[in-house]
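The residues making up each chain are set out below.
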Amino acid sequence: MAPKAAAVNIKPTAKAFKDKSKPTDVRLSNIQAAKAVSDAIRTSLGPRGMDKMIQAGNGEVSITNDGATILKQMNVLHPAAKMLVELSRAQDVAAGDGTTSVVVIAGALLEACEKLLQKGLHPTAISDSFQRCSNKAVEILKQMSTPIELDDRETLIKSASTSLNSKVVSQQSSLLAPIAVDAVLKVTDPGKETSVDLKNIKVISSLGGTVEDTELVDGLVFTCRSAGSNAPKRIEKAKIGLIQFCISAPKTDMDHNVIVSDYAAMDRVLKEERSYILNIVKQIKKSGCNVLLVQKSILRDAVSDLAQHFLDKIKCLVVKDVEREDIEFVCKTLHCRPIASLDHFTAENLSSADLVEEVASGTNKFVKITGIQNMGRTISIICRGSNKLVLEEAARSLHDALCVVRCLVKLRAQIVGGGAPEIEMALQLAALAQTVEGVDAYCFRAFADALEVIPSTLAENAGLNPIATVTELRNRHAQGEKNAGINVRKGAITDIFAENVVQPLLVSISSITLATETIRSILKIDDIVNTFS
């Protein structure tokens, strides 16, 4: 019989449980999700970029290649992917243009991060290095830029045209670019040039006609027609009053009713209503007012039928239902204060204009006020389009062009487009990577390679060979041709400055800095925690 094996007592060693793989998996998941968003809109980059058709849940369809619009309407669920949507929105607020570029750059940088993490580099080291790369890239952009002056209208128009060339309405860029430039210069306050409020430019969309019919109105435009059938439709030397009270019989409180039981009392009520309205109309006539703007009321009719009849008799043009949010814009334009009660309806509270008329535009009728005395720094643009999709895209493109001109007003420097700045930054950062040591050398090289995604995508979307195009572009820049870029019209590398493909310096700077900030945020995340609320 075999002897029994002696029992051996092995003491378990106390080890703290530490899972190293989870942070890596979370980072990888975040990078993959964000890259998916970047790849989705990559094909929309540049003048030859494709458009996306967006179908909303209610069946509405819109066509656009504006990065911010596509991402805003995209149903993104992953939290890290949502950060790229926020990035696009931040670029839209900061610069107004380059919303697609910033997401494409962020996607390329994330791909670079993924490779660096696989080499075993620490996320914090990569994050800090990328920040240094970003600062250096901004310096390179500033060296490449050329200063401009605000009185140089031609240069401003070139930048606005470049922004419009990648849109659906690129054929009309020669018409829309000067409109955008003139509008921004009109609302720029002398002495406060750095801050341009685009709320002072009112873009009104009108269905009918074509994009060529878009016009700039140095005055005020109301989208509704004038009230009353017998009222005058054209008034010269107008005295305009903006009122916030109603010209109709007063109503009781919500919970009260007045029951009229006999005809004599009914007659008395109607007589009282007539004299009440007549008193208001007499006061309006006494002040000399012949154009009346009435704020929209949610409780009762702003102008009753009886009041309209009296106002027609005194030859007063009435525009009722002026929206509450438009009141500030109207006051600023007419240089007047809204009149809240009848006691203040006097001649000194009115504003003057040379002409107020009702004009037909496409299928709509507008009331247009021009020649306003002491007019504020505001302007209106009537944007036209043959159908709803074209009209919406024309309005979005015009907004981008306005933002581009605003960028040039804020930071008066421009830079060439066509992938030239990105290649220049890539070359200089790659050269710098040779001089630094340690982790920085890897990160600088990876950052430089990632920036080449812009010229590569531009070439790809234009139907060129991306590898051959980027190689030639790199070669031309290495020989000192800083303005060499991809000319998608000719399908070749040319001096892009001579082709008038320019953009504001602020657009390029904000896209690099914002993309780097977002990448750093994504790199720092090592876990996703779900909460109950």
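Given the structure is predicted, the values throughout are model-derived calculations rather than measurements.

What counts and what doesn't
- Residues numbered from 1 in each chain as written.
- Predicted model: local features only at pLDDT ≥ 70, side-chain atom pairs only at ≥ 80, totals over all residues.
- Heavy atoms only, no water.
- Phe/Tyr/Trp six-rings, centres within 6.5 Å; stacked < 30°, edge-to-face > 60°.
- Helix = DSSP H or I, 4+ residues; strand = E, 2+ residues; numbered from the N terminus.
- Buried < 20%, exposed > 50% of the residue type's maximum accessible area, 1.4 Å probe, protein only.
- Pairing = 2+ DSSP bridges.
- Axes fitted to C-alpha atoms, helices over the stretch in contact; angles between N-to-C directions.
- Contact = heavy atoms within 4.5 Å.
- Domains from an automatic or database assignment.
- Expected span 1.5 Å × (residues − 1).
- Core = buried A, V, L, I, M, F, W, Y, C linked by side-chain atoms within 4.5 Å.
- Patch = residues over 30% accessible without salt bridge, like charges linked within 9 Å, V, L, I, M, F, W, Y side chains within 5 Å.
- Areas by Shrake-Rupley, 256 points an atom, 1.4 Å probe, with all protein chains shown as cover.
- Salt bridge = Lys/Arg side-chain N within 4 Å of Asp/Glu carboxyl O.
- Lys, Arg positive; Asp, Glu negative; His and termini not counted.
- Charge placed at Lys NZ, Arg CZ, Asp CG, Glu CD.

Here the focus is the packing of aromatic side chains. A full pass over the atoms with the stated rule returns one aromatic pair. Considering the side-chain rings of Phe130 and Phe447, the 5.3 Å spacing of their centres and the 80 degrees angle between planes classify their relative orientation as edge-to-face. Placement of Phe130 in helix H5 (residues 123-144) and of Phe447 in helix H13 (residues 439-451) is noted, with a sequence separation of 317 residues between them. The pair Phe130 / Phe447 is uniform in exposure class, with both members buried.

An order of S6-S11-S10-S7-S8-S9 is seen for the six strands of this open sheet, with the pairing classed as mixed. Every interior strand has two partners, whereas the edge strands, strand S6 (219-222) and strand S9 (317-322), have only one. Averaged over neighbouring strand pairs, the angle between their axes works out to 35 degrees when direction is ignored. In terms of strand pairing, strand S7 (residues 234-243) meets strand S8 (residues 291-295) through four bridges, oriented parallel. Bridge pairing in S8 links Ile243 to Val294. Contacts from helix H10 (residues 327-334) reach S6, S7, S8, S9, strand S10 (351-361) and strand S11 (364-372), with the element oriented near 150 degrees to S6.

What the domain assignment reports for the chain is domain 1 (18-145 + 414-522) and domain 2 (218-373). Each of domain 1 and domain 2 has a C-alpha centre, and these two points are 54 Å apart.

Moving on to unusual backbone geometry. Note: most residues except glycine have negative phi, and most peptide bonds are trans. With phi around 55 degrees, Lys315 is a residue other than glycine that occupies positive phi space. Non-glycine residue Asp321 carries a positive phi angle of around 60 degrees. Structurally, Asp321 is set in strand S9.

With that settled, consider helix H3 (residues 79-94). Over its 16 residues, H3 extends 23 Å from the first C-alpha to the last, a length consistent with the 22 Å expected when each residue adds 1.5 Å. Where H3 is concerned, the buried positions are Ala80, Ala81, Leu84, Val85, Leu87, Ser88 and Gln91. Buried residues along H3 sit against helix H1 (21-42), helix H2 (67-73), helix H4 (99-118) and helix H16 (505-524). Just beyond H3, the residue with positive phi is Gly96, at close to 90 degrees.

As for its placement among the helices and strands, Gln32 is situated in helix H1. Remark: the alpha-carbon pair of Gln32 and Phe497, spanning 465 residues in sequence, is separated by 37 Å.

What follows covers the nonpolar core. If you look at the biggest cluster of nonpolar residues, it comprises 71 residues, and the most contacted ones within it are Leu84, Leu109, Ile126, Phe130 and Ile519. Of all the elements, H4 adds the most residues to this core, at 11 residues. Those residues within four positions of Leu84 in sequence are excluded, and the remaining contacts are Ala34, Val37, Ser38, Leu71, Val103, Leu110, Thr518 and Ile522. The next biggest cluster of nonpolar side chains, apart from the first, holds 31 residues, and it includes Leu156, Ile157, Val181 and Val196.

As a further point, take a negative patch on the surface. On the surface, a cluster of negative charge is contributed by Glu149, Asp151, Asp152 and Glu154. Among the structural elements, Glu149 can be located in the loop between strand S3 (146-147) and helix H6 (153-164).

Relative to the helices and strands, Thr457 is located in helix H14 (residues 453-461). Given a relative accessible area of 1%, Thr457 falls into the buried group. If we ignore the near neighbours within four places in the chain, the residues touching Thr457 are Arg42, Leu45 and Val104.

Here the focus is the sheet that holds strand S12 (residues 379-385). With mixed pairing, the three strands of this open sheet are ordered in space as S4-S12-S5. At either margin of the open sheet sits one strand with a lone partner, and together these are strand S4 (201-207) and strand S5 (215-217). This sheet shows a mean twist of 25 degrees between the axes of neighbouring strands, independent of strand direction. By the bridge criterion, seven bridges tie S4 to S12 in an arrangement that is parallel. Bridge pairing in S12 places Ser205 opposite Cys383.

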